[in-house]
Structures are given as C-alpha cells and as structure tokens.
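The residues making up each chain are set out below.
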Amino acid sequence: MLLRLAYLTVTTTLSFLGLLPRTDRDKEIEILVLRHQLMVLQRQVTKPAFTPTDRLLLAGLLHRLPTERLRHLVLLVRPDTVLRWHRDLLRRRHAAASAPRGRGRPRTIRSIQLLVLRLARENASWGYRRIHGELAALGIKVAASTVWEILKAHGIEPAPERTATTWPTFLRSQTDVLPACDFFEVRTLTGARLYVLAVIEHATRRIRVLGVTAHPTGQWVTQLGRNLAMDLQDMGSSAKFLIR
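Let us look at the structure shown here. Not measured: the values here are computed from a predicted model. Counting restarts for each chain, with residues numbered from 1 along the sequence as it is written. Per-residue local features are limited, in this predicted model, to residues with pLDDT of at least 70; the limit for side-chain atom pairs, both in listing and counting, is 80 or more; totals at the level of whole chains, interfaces and linings are taken over all residues. The side-chain values count all of the structure's non-hydrogen atoms but skip hydrogen atoms and water molecules.

1. Notes on helix α8 (residues 144–153)
Thought 1: Three or more residues of α8 are buried, namely Ala144, Thr146, Val147, Ile150 and Leu151. All buried residues of α8 project into a common sector of 160 degrees when viewed along the axis, lining one side. Set apart from the buried face of α8 by more than 90 degrees, the exposed residues are Lys152 and Ala153.
Thought 2: Turning to α8, the residues buried within the fold contact α6 (110–122) and α7 (128–137).
Thought 3: Phi turns positive, to about 70 degrees, at Gly155, one or two residues after α8. The classification of residues rests on relative accessible area computed with a 1.4 Å probe and restricted to protein chains. Under 20% of the type maximum is buried, over 50% is exposed, and intermediate values are partly exposed. The numbering of helices and of strands both runs from the N terminus, where a helix is a DSSP run of H or I of at least 4 residues and a strand a run of E of at least 2. Think of the arc as the fan of directions from the helix axis to the C-beta atoms. Throughout, a residue-residue contact means that at least one pair of heavy atoms, one from each residue, lies within 4.5 Å.

2. Focus: the sheet that holds strand β1 (residues 179–187)
Thought 1: Spatially, three strands are ordered β1-β2-β3 in an open sheet, and the strand pairing comes out antiparallel. The open sheet has two edge strands with one neighbour each: β1 and β3 (206–213). Neighbour-to-neighbour, the strand axes of the sheet open up by a mean angle of 25 degrees, direction not taken into account.
Thought 2: Only strands joined by at least two bridges in the DSSP assignment are considered to pair. Bridging between β1 and strand β2 (residues 193–201) involves nine bridges; their strand directions are antiparallel. Directly across from Arg187, in β2, lies its bridge partner Arg193. A fitted line through C-alpha atoms represents every axis, and for helices the fit uses only the stretch in contact; the resulting angles, taken between N-to-C directions, go from 0 to 180 degrees.

3. Remarks on the pairing of β3
Thought 1: Bridge count between β2 and β3: seven bridges; the pairing is antiparallel. Pairing of Leu197 across the sheet is with Gly211, part of β3.
Thought 2: Where β2 hands over to β3, the hairpin turn is made up of four residues, of which Arg205 adopts a positive phi near 60 degrees.

4. So, the side chain of Thr213
Thought 1: One can find Thr213 in strand β3.
Thought 2: Within the local environment of Thr213, its side chain forms a polar contact with the backbone nitrogen of His215, the two atoms lying 3.1 Å apart.
Thought 3: Other than its neighbours up to four places away in sequence, Thr213 contacts Leu194, Tyr195 and Trp220. Pairs of N or O atoms are called polar contacts if they sit within 3.5 Å, as long as, within protein, a hydrogen donor faces a hydrogen acceptor (for residues adjacent in sequence, only side-chain-to-side-chain pairs).

5. Considering a positive patch on the surface
Thought 1: Patches in this entry comprise residues that are over 30% relatively accessible and not in a salt bridge; like charges within 9 Å are linked, as are nonpolar side chains (Val, Leu, Ile, Met, Phe, Trp, Tyr) within 5 Å. Note on areas: Shrake-Rupley with a 1.4 Å probe; residue coverage comes only from the protein chains shown. Any Lys or Arg side-chain nitrogen located within 4 Å of an Asp or Glu carboxyl oxygen qualifies as a salt bridge. In this tally, Asp and Glu contribute negative charge and Lys and Arg positive charge; neither His nor the terminal groups of the chain are included. Taken as the charge location is NZ of Lys, CZ of Arg, CG of Asp or CD of Glu. A contiguous patch of positive charge on the surface is contributed by Arg55, Arg78, Arg84, Arg87 and Arg92.
Thought 2: Top element by residues in the positive patch is helix α5 (residues 79–98). It accounts for three residues.
Thought 3: Relative to the helices and strands, Arg92 resides in helix α5.
Thought 4: You can call Arg92 exposed: its relative accessible area is 63%.

6. Concerning a nonpolar patch on the surface
Thought 1: The grouping of Ile207, Val209 and Val212 at the surface amounts to a nonpolar patch, some 290 Å² of accessible area in total.
Thought 2: Structurally, Ile207 can be placed in strand β3.

7. Section: the nonpolar core
Thought 1: In terms of nonpolar packing, the biggest core is built from 13 residues, with Val116, Ile131, Leu135, Val147 and Leu151 touching the most fellow members.
Thought 2: Looking at this core, the elements that each hand over two or more residues are α6, α7 and α8.
Thought 3: In this text, buried Ala, Val, Leu, Ile, Met, Phe, Trp, Tyr and Cys residues form a nonpolar core when linked through side-chain atoms within 4.5 Å. Core analysis: the second largest hydrophobic core is formed by six residues, Cys181, Leu224, Leu228 and Leu232 among them.

8. Thoughts on the pattern of salt bridges
Thought 1: Throughout the structure, instances matching the rule amount to six salt bridges.
Thought 2: Between Glu122 and Arg118 there is a salt bridge; the shortest N-O distance is 3.0 Å. Of the two residues, Glu122 and Arg118 are both situated in helix α6; the distance of four residues between them amounts to about one turn of the helix.
Thought 3: Notably, a salt bridge pairs Arg208 with Glu201, separated by 2.7 Å at the nearest N-O pair.
Thought 4: The class for Arg208 is buried, based on a relative accessible area of 12%.
Thought 5: Glu201 sits in the buried class, given a relative accessible area of 13%.
Thought 6: What emerges from the salt-bridge pattern is a single network uniting Glu185, Arg187 and Arg193.

Structure below.
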C-alpha cells in the first residue's frame, strides 16, 4: 500500500511538472489533492485576502459554470461572491467603454494664459472680472472663472492685495512712456566742476547726454528739454512724461 501511494505521488508530481504525459486518472488525483489542500486552508484561514487580480482571474474562469455547479465546488469564497465579482467586472468594462474620451472643459490655450498674466502684472488694481472684460473687448472668449483659475494657479493674489504698487513695479509697467533726467557732477583735470544733464529712456535703457555746463540755469534746462522733445518726436517715440 505504501509503495502504491509513493508511486502515485511520484507519478502525479512528474505529470504535474510535465515530465510524464497526463491522463484522466492523473488529473483526478491532482484535483483531489488540490481540494484537500483547500480544506486545510479553510480550517486555518478565517477570511482570505484576494487582490484585484485574483478576483479578475477567478471571475473569468468560474463565470461560465452554472450556479448549482459552483455550489458543489470547494472554494475559499462563496459562489455568490464569485458571481458578484463577475458583475463588477462587467460593470467596469461597460463604464470604461461608455466613458467619453474628452472629459471636462478644454484647456485654455497658452497665448490666452500669457495675456491674462501680463494684464494682471502690468495692472495691479485689476481684478479677474476687469481682466475678463478687457479680453472680451479684444474679442477673446473666455469665462471669468477661467481667468480666476489662471491667476490662482500662478500664485497671483486678488486685486485688493495687489494695489500697493511699488516704485520699481510702476516703472516697469510704464517704461514705454517714461524717460527720466537728472544732473551728475564731473571734475576736469584742472579741478573745474561741470554739471551734466542726462536722460535715460526706461524702455530701451538708452542714455542721452543733453548738455554740459558749469552754471546750469532754468532757461538752459528748458531749452534742452525742448530739444529732447523734438528729437523724440522725430524718432516716433511714445514718451509722454519726464521724471526729474
């Protein structure tokens, strides 16, 4: 008897490993062994844990069997649980196949985002509604909520918190219309003191030396200012205000 059991064990193992051809008798022995192992596991494990892959595999293999047949199988879960897994699998497949390809609102094109950010940075007192109105005047159709989301995504505070404009911010926002002038002092080799009137264009950072004199007067400065205005007009400059 022991020799026969040993023979069956060896032949079953070799058949399972593919080293011997498997017969119906071998398959039945293998099934009995697997069933007995399941019974041992059921006595030791009160609630087995199944991964999503495990559920998918069992539902795919067992859904073709009738319910009555399932109830006679030795399983770690109830047949109703296997059927529920199969229904969940079908529901997910149907949901994935029926889901629309393009969900949600389409993304705002990059050029509009850059324009919104530029308007917000150059106009600290403008809120998202004012920016939305300016875009509408330009013929750009975008929702006011979209403007608000763009500002929030880039960390730009609401308009009431951006109204405190600093001097550098003001200069950057008005560079195209603001030149500035000032005197600076130079000394010659003989020790004479001269005063130079210079103008800087904030847009181009170009410096113009208007004149040099040892005795600057109001009439002299006024004439240099007139000369500067004519030069800027001839160049087509958009300068409107002079900071002194």
